[in-house]
Amino acid sequence: MLLALSKALGSAGRVLLILCNLAIYGEGRSAMLDSNAVECLVGMLRRDELDSKSMRENCVAALYTLSHIDELTGAGEGGEGGGGVE
């Protein structure tokens, strides 16, 4: 919804940047995943709706962050800070 609105207002680049930042934090990530952000972002890439290279990069960065958050924060399988190899 936010991405569709931003496109209509011509501010999709800024919204993608905000989504990249939201994807880092637990509540933001959960909200994005609950609202099908992955499907929306992938759809934007497939339909070539992003006007610039930086917008495409931010879209991919948001997807990457959503899929690799445990590795980026050091949380996950090994418990607190246990993202490394033993």
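Residues numbered from 1 in each chain as written. Predicted model: local features only at pLDDT ≥ 70, side-chain atom pairs only at ≥ 80, totals over all residues. Heavy atoms only, no water.

### Side note on the nonpolar core
Counting 16 residues, the largest nonpolar core has Leu 16, Met 32, Leu 41, Leu 50, Met 55, Cys 59 and Leu 66 as the members making the most contacts within it. Residue assignment for this core shows that the elements contributing at least two residues are helix 2 (12–22), helix 4 (37–46) and helix 5 (53–73). (Core = buried A, V, L, I, M, F, W, Y, C linked by side-chain atoms within 4.5 Å. Buried < 20%, exposed > 50% of the residue type's maximum accessible area, 1.4 Å probe, protein only. Helix = DSSP H or I, 4+ residues; strand = E, 2+ residues; numbered from the N terminus.)

### Considerations on the confidence of the model for the protein
For the protein, per-residue confidence averages 77 on the pLDDT scale, and residues scoring 70 or more make up 67% of the total. In the model, residues 76–86 has pLDDT below 50 throughout and makes seven contacts with residues more than four positions away in sequence or in other chains. (pLDDT = per-residue confidence, 0-100. Contact = heavy atoms within 4.5 Å.)

### Some details on helix 2
Because an α-helix completes one turn every 3.6 residues, residues spaced three or four positions apart along the sequence face the same direction. Every buried residue of helix 2 is accounted for by Ala 12, Val 15, Leu 16, Leu 19 and Cys 20. Down the axis, helix 2 shows its buried residues gathered within 145 degrees of arc, on one side only. (Arc of directions from axis to C-beta.)

### As for unusual backbone geometry
Here the phi dihedral of Asn 36 falls at roughly 60 degrees; this positive angle occurs in a residue that is not glycine. Among the secondary structure elements, Asn 36 is positioned in the loop between helix 3 (26–34) and helix 4.

### As for the side chain of Thr 65
On the secondary structure map, Thr 65 appears in helix 5. At 2.8 Å, the side chain of Thr 65 forms a polar contact with the backbone oxygen of Ala 61. (Polar contact = N/O pair within 3.5 Å; in protein donor to acceptor, adjacent residues only side chain to side chain.)

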